Amino acid sequence: MRRVEETRRAEIRVSDLVLAGLMVGLGLVLHGIFPGIFAGMKPDFSLIMLFIVIMVIPDNRVKVAAGLATAVITALTTSFPNGQIANIVDKIITTAAVMGLTAVLPRQIKVVGVGVIGTLISGTVFLGTAALVSGLPATFISLMMAVVLPATGINTVALLVLYPLAAKLYSMQGVQEVSPQKAR
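Every chain is numbered on its own, with residues counted from 1 as its sequence reads. In keeping with the model being predicted, local features are shown solely for residues with a pLDDT of at least 70 and side-chain atom pairs are shown and tallied solely at 80 or more, while totals for entire chains, interfaces and linings include all residues. Each side-chain value is worked out from all heavy atoms of the structure, with water and hydrogens disregarded.

Student: Looking at this structure, I do not really get the packing of aromatic side chains. What am I missing?
Tutor: One pair of aromatic rings is described through two measures. These are the centre distance and the angle between the planes. Side-chain rings of Phe, Tyr and Trp, where Trp is taken by its six-membered ring, are said to pair if the distance between their centres is within 6.5 Å; with planes under 30 degrees apart they count as stacked, over 60 as edge-to-face, and otherwise as tilted. A complete count under the given rule lists one aromatic pair for this structure. Ring plane angle 80 degrees and centroid distance 5.0 Å describe the contact between F80 and F126, whose orientation is recorded as edge-to-face. Taken together, the residues F80 in the loop between α4 (60-77) and α5 (84-104) and F126 in helix α6 (residues 110-133) connect sequence positions 46 residues apart. Side by side, F80 and F126 carry an identical accessibility label, which is buried. Helix numbering and strand numbering both begin at the N terminus, where a helix is a DSSP run of H or I of at least 4 residues and a strand a DSSP run of E of at least 2. Accessibility here uses a 1.4 Å probe with only protein chains present; expressed as a share of the type maximum, an area under 20% marks a residue as buried, one over 50% as exposed, and anything in between as partly exposed.

Okay, structure coming up:
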């Protein structure tokens, strides 16, 4: 009996993996089709969906898998010159940082904290890595002011809208087990 309980705890719920995959894919699609809001700036839906996966799904293995998938997808679709390595480093570090943030932030400020701090970490790591790997098209400070800070506001507002919907849908998803007697 004890071994069965340990096995169940060790298993990754397929529904969590499917949800994480759908969120990562949805982030990619939304990022591709969403028009620029202000001076061509638009929310990074890949990052927003990664944040939602990290906040909604309790299994750390699924969170890490979603972070790695987001890293690969954003590296493959970046328009930043030589931004592939920067995207991979950025998403791996951001995933770890946001997982830590969700563990320490109070529930009342978790969504805003993750939106602001997570996006700032992501932007800083991305630009820092890009500067080391291939150089930046402008100064680090000017890119932080012109790109990362507006993206932080846009991502946080988008996260405030999308997170409650995702959390509600996740909480409605119940694991329905059929007992052997009811199956007959």
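Student: Got a minute to help me understand unusual backbone geometry in this structure?
Tutor: For residues that are not glycine, phi is negative in most cases, and the peptide bond is trans in most cases. At N82, a residue that is not glycine, the phi angle is positive and equals roughly 55 degrees. Looking at the secondary structure, you find N82 in the loop between α4 and α5.

Student: Sorry, what's going on with helix α3 (residues 45-56) here?
Tutor: Along an α-helix, residues three or four apart share an orientation, since each turn contains 3.6 residues. What a helix should span is 1.5 Å times the count of its residues minus one. A rise of 1.5 Å per residue sets the reference length of α3, with its twelve residues, at 16 Å; its end C-alpha atoms lie 16 Å apart and thus fit the reference within 8%. Most of α3 is tucked away: twelve of the twelve residues are buried. Those residues of α3 not exposed but buried are F45, S46, L47, I48, M49, L50, F51, I52, V53, I54, M55 and V56.

Student: How should the nonpolar core be read in this particular structure?
Tutor: Soluble globular proteins tend to pack their nonpolar side chains together in the buried interior. Only buried residues count toward a nonpolar core. Its members are Ala, Val, Leu, Ile, Met, Phe, Trp, Tyr and Cys residues joined through side-chain atoms within 4.5 Å. Ranked by internal contacts, the top residues of the largest apolar core, which has 28 residues, are I52, V56, I57, V114 and L159. For this core, the secondary structure elements donating two or more residues are α2 (14-33), α3, α4, α5, α6 and α7 (140-172). At eleven residues, the largest contribution of residues to this core is made by α3. We call two residues in contact whenever any of their non-hydrogen atoms come within 4.5 Å of each other. Setting aside residues no more than four positions away along its own chain, I57 makes contact with D16, L19, A20, V62, K63 and Y170. In terms of nonpolar packing, the next biggest core, distinct from the first, is built from eight residues, A86, L127, M144 and V148 among them.

Any link to function would need more than the numbers given here.
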